[in-house]
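Coordinates in review
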Amino acid sequence: LTMNNPWTRCMVDNNYFAAVHKNWSTLFPDTPEEEQYELMDQFQSEYEHSLEIRVLTRRMREADYPLSFGSLEELNETAAAYMKFDTLTYDHRARLTQTDADNGRTFRDYNVASDSDDGGREGLSDGGDDEFRSVFTGTLAVPLKQRWLDIDANYSTVLEP
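Quick summary incoming for the structure in this document. Note that the structure is predicted; figures quoted are calculated from it, not measured.

1. Points about unusual backbone geometry
Backbone geometry at Asp 64 places phi at a positive 55 degrees, although glycine is not the residue there. Here Asp 64 shows up in the loop between helix H4 (36-62) and helix H5 (77-93).

2. Details of the packing of aromatic side chains
Note on aromatic pairs: each is described by the distance of the centres and the angle between the planes. Throughout the structure, instances matching the rule amount to four aromatic pairs. Plain terms: the ring middles of Trp 24 and Phe 28 are 4.5 Å apart, the flat faces sit at 40 degrees to each other, and that makes the pair tilted. Classification of Trp 24 as buried rests on a relative accessible area of 1%. Ring centres of Phe 69 and Tyr 82 lie 5.4 Å apart, and the angle between their planes is 35 degrees; this geometry places the pair in the tilted category. A residue pair is termed long-range when its members are at least 10 positions apart, and Phe 69 in the loop between H4 and H5 and Tyr 82 in helix H5 qualify at 13 residues. On the accessibility criterion, Phe 69 (4% relative accessible area) is buried. Of the residues examined, Tyr 82 reaches a relative accessible area of 34% and is grouped as partly exposed. Taken together, the ring pairs in this structure connect Trp 24, Phe 28 and Phe 43 into an aromatic cluster.

3. Concerning the environment of Asn 5
Tracing the chain through its elements places Asn 5 in the segment before helix H1 (6-12). As for Asn 5 and Tyr 47, which are separated by 42 residues in sequence, their C-alpha atoms are 7.1 Å apart. Filtering out sequence-adjacent residues up to four positions away, Asn 5 remains in contact with Gln 44 and Tyr 47.

4. Description of the environment of Ser 71
Within the secondary structure, Ser 71 sits in the loop between H4 and H5. Of the residues examined, Ser 71 reaches a relative accessible area of 18% and is grouped as buried. C-alpha of Ser 71 to C-alpha of Arg 61: the two residues are ten residues apart in sequence and 8.4 Å apart in space. Ignoring sequence-local partners within four residues, the contact set of Ser 71 consists of Thr 57 and Arg 61.

Cut-off values and rules
- Residues numbered from 1 in each chain as written.
- Predicted model: local features only at pLDDT ≥ 70, side-chain atom pairs only at ≥ 80, totals over all residues.
- Heavy atoms only, no water.
- Helix = DSSP H or I, 4+ residues; strand = E, 2+ residues; numbered from the N terminus.
- Phe/Tyr/Trp six-rings, centres within 6.5 Å; stacked < 30°, edge-to-face > 60°.
- Buried < 20%, exposed > 50% of the residue type's maximum accessible area, 1.4 Å probe, protein only.
- Contact = heavy atoms within 4.5 Å.

Listed below in structure tokens is the structure:
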């Protein structure tokens, strides 16, 4: 699986690396040679991030799971949406403070793309790429009116009006 990644192979196979280096301008005509290591690092990082879901994809196929993330070699749009969601949850959770928890704020309430002085804590998402949306329906996540454990199970309106 790891050797399917050309950038990993470059790190362990000097002949492969030499061939990529020699043919850089043909393989990547829009990327100057002086930026090749940065591009390789970016590809490597993206591939490593996808490894977990690639393995999950294989297991889903083996189990005849009704949802598909594509194949081990080529992930589909659902897998890409899932990976984006996974990244967002990690980024947003890292911003939570004890005050946020005390106020019932969750990872869904953050706008990580914010350039504000408060580190992205100015409130709900502004409609950018950092919004939490359902991987399956595209429905936007909304904040709960209070901590979910404190919401009465019989209360019909869970969300803020």
